[in-house]
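Inside the fold
Residue-level listing of the chains:
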Amino acid sequence: MDAKKRKPTVPWIMMVIVMVFLVLCANFPGCFSAASQQPNKKKSTHPKAAQGFGSSVLFPVTGNVYPLGYYSISLTIGQPPKVFEFDIDTGSDLTWVQCDAPCTGCTKPVDHLYKPAKHIIVSCDHPSCGAVHFPESPRCETPDDQCDFEVDYADHGSVLGVVVTDFFSLRLMNGSLITPHLTFGCAYDLKNPGPYPPPPTAGVLGLGNGKASILSQLQNFDFTRNVVGHCLSGKGGGFLFLGDDLVPSGIDWMPMSADAKHYLSSPAELFFGGKPTGIKDLKVVFDSGSSYTYFSFRVYEAVLDLLRRGLNGKPLDTVQDKALPICWKGTKRFKSVHDVKNYFSTLTLSFTKTRNIKLELQPEAYLIVTEHGNACLGILNGTEAGLDDLDIIGDISLLDKTVIYDNEKQQIGWVSANCDRLPKLDSTHNDVFQQPYATNFGILEENYPAKQASSNSNIREL
């Protein structure tokens, strides 16, 4: 009888104490010693994979070389989020969007412009401002001045604005949604004196190798590798990815030139129809922001001469066409490049510091067929365009290839690919386009101004 009324034993009490302790520790992870526990990783909108990088970001691409003259993706910025269309450009670093500050020269209606808030403006003494102006330093009257930027393009267009930071909503391929705070340009003064109108996109997605690029910023957050790839379809559309999850096998890799501000290859030699032309030491830049390919004057003139000689006796005559400077017509209208390609020879760039690495430019990679049924040369005079001695490989010469820019390993690679479908997804791209014109709005002449505009200049304060 007395046994049934005895007090609880010490072991039972200890069990209760231990259970309470465990419950408390579940809510207060710090109660265990650091030596016996894993680091506390709270849930975040910025998930990371075990290896330190989250995943890759995949974007469907719309656009074409002709008649549009650009390829673009859509990005969501701000809270609440708003969707903007961006011209993809591996030839520049800073991403910028037309913004209502208010805007001069913007092509979008006011309700389609990005609206900046005071608290998102980057100050001159912020590291992001230094990244935008690198290797120069921003010059400001006071450290808390707003960080201004200017981008000048080789077609004499320019963009002026202020550097801001805001949330970007990005869906990783592992299914996670991340919303990093990224630095970009709020552009409120656009000039486009060139012969072609700018693309109807809201801005430019800078995918260069500089500190201010979206790629570098995502790498700094440990979200993706500093790798970008694109696959642009000759039929229109394609896809773009940030990160290295979609890098295919069979890539021909070539080292980038060290310390170059563009994706500059090792020196190249030009072949025509498989035969050497004697043209060597080409400085080749890969630039998805250029619709067409540009050769410096001496190379351009040599290529024209070789093409004209190769066309002797062929049923082609030169013709004026507003699409491009050099065009030919046949005995009847051409429907596609396939109707005319057999009259032309393959151009080959052989990169002299790498063994057996060549970029073949078959006629499809340098010709277009216009709405008038003429065949036109998609290689232009780069010196005349203000590119000095650089040779630009533009979209026309990168079609139907997966092209990879690996900034971590300092290499560029490519392989032939079907760019008409998103990888690992059962969906096709929409290749119906509306705007009947072409532009060349991506060739960067100068990254950023050496001098920061003062508050006394004509740059408006936000």
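Residues numbered from 1 in each chain as written. Predicted model: local features only at pLDDT ≥ 70, side-chain atom pairs only at ≥ 80, totals over all residues. Heavy atoms only, no water.

**Regarding the side chain of Q146**
By secondary structure assignment, the location of Q146 is in the loop between α2 (127-133) and β5 (148-153). For Q146, the side chain forms a polar contact with the side chain of D148, separated by 2.8 Å. (Helix = DSSP H or I, 4+ residues; strand = E, 2+ residues; numbered from the N terminus. Polar contact = N/O pair within 3.5 Å; in protein donor to acceptor, adjacent residues only side chain to side chain.)

**So, the state of the cysteines**
On inspection of all chains with the given rule, the structure shows 6 disulfides. The disulfide partner of C99 is C186, and the S-S distance across this bridge is 1.9 Å. Here the S-S torsion is close to 80 degrees, and the disulfide linking C99 with C186 is therefore right-handed. Of this pair, C99 sits in the loop between β4 (96-98) and α2 while C186 is found in strand β8 (residues 181-191), placing the two residues 87 residues apart along the sequence. (Disulfide = S-S within 2.5 Å.)

**Looking at the environment of D317**
Topologically, D317 is positioned in strand β17 (residues 317-318). Looking at D317, the relative accessible area reads 49%, which means it is partly exposed. Here the alpha-carbon distance between D317 and G330, two residues 13 residues apart in the chain, equals 6.6 Å. Setting aside its immediate chain neighbours within four residues, D317 contacts C327, W328 and K329. (Buried < 20%, exposed > 50% of the residue type's maximum accessible area, 1.4 Å probe, protein only. Contact = heavy atoms within 4.5 Å.)

**Topic: the packing of aromatic side chains**
For the coordinates displayed, the defined rule picks out 10 aromatic pairs. A centroid spacing of 6.1 Å and a plane angle of 70 degrees characterise the contact between F84 and Y114, whose relative ring orientation is edge-to-face. Here Y114 lies in the loop between β4 and α2 and F84 lies in strand β3 (residues 82-89), a separation of 30 residues in the sequence. Residue F84 shares its accessibility class with Y114, and that shared class is buried. Following the ring pairs from residue to residue traces out a cluster consisting of F84, Y114, F168 and F184. (Phe/Tyr/Trp six-rings, centres within 6.5 Å; stacked < 30°, edge-to-face > 60°.)

**Considerations on the sheet that holds strand β22 (residues 375-377)**
Strands sit in the order β17-β18-β22-β21 across an open sheet of 4 strands; the sheet is antiparallel. Because the sheet does not close on itself, it has two edges, and the strands there are β17 and β21 (367-369). Judged from the 2 bridges that link them, β17 and strand β18 (residues 327-329) form a sheet pairing that is antiparallel. Bridging from a neighbouring strand, T318 pairs with W328 of β18. (Pairing = 2+ DSSP bridges.)

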